[in-house]
Amino acid sequence: MDSVAQPILFWIIATATATCAIAVVVSQNIVRAATWLLFSLGGTAGIFFLLGADLVGATQILVYVGGTLILLVFGVMLTAQGPFITMKTGAAEWVISAVVGLLFFGVLAVTAFSVGSVAAKNDGRLEPPGRTVKEYAPKLNLVEASKSASSSAILGQGFLGVGVGPAHLNAKGKPERANYLLPFEIVSVHLLVVLIGAAYLARAKRRRRGTA
Amino acid sequence: MSPIGLEHYLTLAAILFVCGAVCMATKRNAIGVLIGVELVLNGANINLVAFAHFNPAFEIEGMTFALFVIVLAAAEAAVALAIVLNFYNNHTTVDVDTAEDLKG
C-alpha cells in the first residue's frame, strides 16, 4: 500500500465509520439506525481491506451487509408498527449513558495508545511477550510470505486442514503448524443448527389476541 | 501525513465498541439492542484484524477469529430476531421494558 495514500484513506474511512456508528446511537428512528449501521459496516469492511485482510473484508460485506443487515431490516419491517418505529429515550438516560460511554471510551483509548506505544518502539510491529518474532517463528519469514501470497489463499489452506502460520515445536521436537479444520467444522455445524433452530422459533403461528 | 499505527485502529475499534454499548443500553426497541450488539462485534473484529496486521506471529489467528466472529454474529442475529418475532407475536410490542414475565 502506498505510504501516502494509506493515511488519507484511513482517515476518510475511519471518520465515516465512526460518524455512522455515532449516528446509529443518536437516531431515534429504528429504520434510520439500521441504515446508518449499513454504512458503518461497509466502512468496517473498508478498514479490513486497508489492513490487508481481503477475505475478512469480503466476508464482512457478504455476510454482514448482505445477510445480517437484511435480516435486521426484515425484523424492523415485521415488528415496526406505529409507536415502535421511534422510541424516545429520556434526557436523563441520555446524560447518564453519554457520561458512562465517554468514561468507557477514555479507558479504552488510554489502553489503545499504551499498546500502540509498545508497537511504535518495534518499527510498528508487536512481538509476542518475552520472545522475538524470529524465535517464535523460526525461519518462517511470515511477513514476506504473506505479502507474496494473498491472505485468502493462506486462510483457505488453514480451513482445509493444511498447517499455516508460525511453527511451534511439538513434544518430539518437530515443528508443527496450526490448522483450523476442526474450528471451521464446529462453526459450520453450529451455524446449521442455529439456523434450523431460528427457523423453527420464527415459524408462522396464529397470533394470540388480547395480550398487550 | 504521519503513518497510521496500531493505536489508530484500536481507537476506531473503541469508538465502535462504545457506540454499540451505549446503543444497547439506551435503545428500548429490541431490534435497536441487536444493532448495538452488531456494532460491538464489529469493534472487536477491527481489534482482531488490526492485531493480526501489526503482529506477524498472530497474522493467521487474527483473521481466522475475525471470520468466526462474523459467522457467529450472523447466527446470533438469526436467533435473536426469531426470539424478537416470537415476543412480538405474544406481546404485540418490541419494547424491552415490557419483557418482565420472569420478574421475581
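Model, not experiment: these values are computed from the prediction.

Colleague: Provide a residue-level description of the overall build of chain B, including the pertinent values.
Modeller: In terms of regular secondary structure, chain B is built from three helices and zero strands. Secondary structure elements of chain B occur, N-terminal to C-terminal, as α-α-α. The C-alpha atoms of chain B give a radius of gyration of 17 Å, which is well past the 13 Å a tight globule of 104 residues would have. The principal-axis extents of the C-alpha atoms in chain B amount to approximately 55 × 25 × 25 Å. By residue count, 60% of the 104 residues in chain B fall in the buried class. Of the contacts made within chain B by residues no fewer than 6 positions apart, 49% connect residues no fewer than 24 positions apart.

Colleague: Outline the overall build of chain A, listing residues and values.
Modeller: In terms of helices and strands, chain A carries eight helices and two strands. Along chain A, helices and strands appear, N-terminal first, in the series α-α-α-α-α-α-α-β-β-α. Counting only contacts in chain A whose residues sit at least 6 apart along the sequence, the fraction spanning at least 24 positions is 46%.

Colleague: Pulling in residues and values, what's your account of the interface of chain B and chain A?
Modeller: Between chain B and chain A, the contact holds 71 residues from the first and 88 residues from the second. Ranked by residues supplied to the side of chain B that touches chain A, first place goes to helix α3 (residues 59–91) of chain B with 27 residues. Residues belonging to the side of chain B that touches chain A are distributed by class as follows: 48 nonpolar, 17 polar and six charged.

Colleague: Kindly report on the domain arrangement of chain A, identifying the contributing residues and their values.
Modeller: Structurally, chain A comprises domain 1 (1–86), domain 2 (96–126) and domain 3 (138–205). Counting residues at the interface gives four residues for domain 1 of chain A and four residues for domain 3 of chain A.

Colleague: How would you sum up helix α2 (residues 30–50) of chain A? Please name residues and give values.
Modeller: In a regular helix each residue adds 1.5 Å, so 21 residues correspond to 30 Å; α2 of chain A covers 30 Å between its end C-alpha atoms and thus fits that length. A positive phi of about 80° marks Gly 52 of chain A, the residue just after α2 of chain A.

Colleague: Describe the environment of Ala 16 of chain A, naming the residues involved and giving the relevant values.
Modeller: Residues and elements named next belong to chain A. Here Ala 16 shows up in helix α1 (residues 5–26). What makes Ala 16 partly exposed here is the crowd of 15 C-beta atoms within 10 Å. Here the alpha-carbon distance between Ala 16 and Ile 70, two residues 54 residues apart in the chain, equals 21 Å. When near neighbours in sequence (up to four residues on either side) are disregarded, Ala 16 contacts Phe 39 and Gly 43.

Colleague: A description of the confidence of the model for chain B should follow, citing residues and the corresponding values.
Modeller: All names here are of chain B. Model confidence for chain B is summarised by a mean pLDDT of 88, while 99% of its residues fall at 70 or above. α3 is the least confidently modelled element of chain B, averaging 89 in pLDDT, while helix α1 (residues 6–26) averages 93, the highest of any element. Across the predicted assembly, pTM comes out at 0.84 and ipTM at 0.91.

Colleague: Account for the packing of α2 of chain A against helix α3 (residues 54–79) of chain A, with residues named and values stated.
Modeller: Residue and element names in this part refer to chain A. Where α2 meets α3, the axes come as close as 8 Å, and the angle between the chain directions of the two elements is 175°. The orientation of α2 relative to α3 falls into the category roughly antiparallel. Listed contacts from α3 to Ile 30, Val 31, Ala 34, Leu 37, Leu 38, Leu 41, Gly 42, Thr 44, Ala 45, Phe 48 and Phe 49 of α2 are Asp 54, Val 56, Gly 57, Gln 60, Ile 61, Tyr 64, Val 65, Leu 69, Leu 72, Val 73 and Val 76. Its residues placed into classes, the contact of α2 with α3 shows 17 nonpolar, four polar and one charged.

Colleague: Explain the nonpolar core residue by residue, including any values.
Modeller: Val 24 of chain A together with Cys 19, Ile 35, Val 49, Ala 50 and Met 63 of chain B are the most contacted members of the largest nonpolar core, which has 76 residues in total. Within the residue set of this core, elements represented by two or more residues are α1, α2, α3 and α7 (151–159) of chain A together with α1, α2 (30–54) and α3 of chain B. Shared between two domains, this core takes at least three residues from each, and those domains are domain 1 (1–86) and domain 3 (138–205) of chain A.

Colleague: Break down α7 of chain A for me, with residues and values.
Modeller: Residues and elements named next belong to chain A. Ser 151, Ile 154, Leu 155, Gly 158 and Phe 159 are the residues of α7 that are buried. Relative to the axis of α7, the buried residues are bounded by an arc of 135° and lie together on one face. In the segment just after α7, Gly 161 is the residue with positive phi, at about 100°.

Colleague: Quick rundown of the packing of α3 of chain A against α2 of chain B? Include the residues and the values.
Modeller: Packing of α3 of chain A against α2 of chain B brings their axes to within 11 Å, and their N-to-C directions diverge by 170°. By the angle between their axes, α3 of chain A is roughly antiparallel relative to α2 of chain B. Contacts between α3 of chain A and α2 of chain B involve Val 56, Thr 68, Leu 72, Gly 75, Val 76 and Thr 79 of chain A from the first element and Ile 31, Leu 34, Ile 35, Glu 38 and Val 49 of chain B from the second. Of the residues that constitute the contact of α3 of chain A with α2 of chain B, the class distribution is seven nonpolar, three polar and one charged.

Colleague: Just give me the short version of the confidence of the model for chain A, but keep the residues and values in it.
Modeller: All names here are of chain A. When pLDDT is averaged across chain A, the result is 80; 78% of the residues are at 70 or more. The lowest-confidence element of chain A is helix α6 (residues 142–148), averaging 47 in pLDDT; the highest-confidence one is α1, averaging 93. Note that pLDDT drops below 50 for residues 136–146; the model gives that stretch 18 contacts with residues more than four away or on any other chain.

The rules behind the values
Residues numbered from 1 in each chain as written. Chains lettered and ligands numbered in written order. Predicted model: local features only at pLDDT ≥ 70, side-chain atom pairs only at ≥ 80, totals over all residues. Helix = DSSP H or I, 4+ residues; strand = E, 2+ residues; numbered from the N terminus. Rg over C-alpha atoms; globule rule 2.2 N^0.38 Å. Buried ≥ 20, exposed ≤ 12 C-beta atoms within 10 Å, placed from the backbone. Contact = placed C-beta atoms within 7 Å. Nonpolar A, V, L, I, M, F, W, Y, C, P; charged D, E, K, R; others polar. Domains from an automatic or database assignment. Expected span 1.5 Å × (residues − 1). pLDDT = per-residue confidence, 0-100. Axes fitted to C-alpha atoms, helices over the stretch in contact; angles between N-to-C directions. Parallel < 35°, antiparallel > 145°, perpendicular 65-115°, else oblique. Core = buried A, V, L, I, M, F, W, Y, C linked by C-beta atoms within 7 Å. Arc of directions from axis to C-beta.

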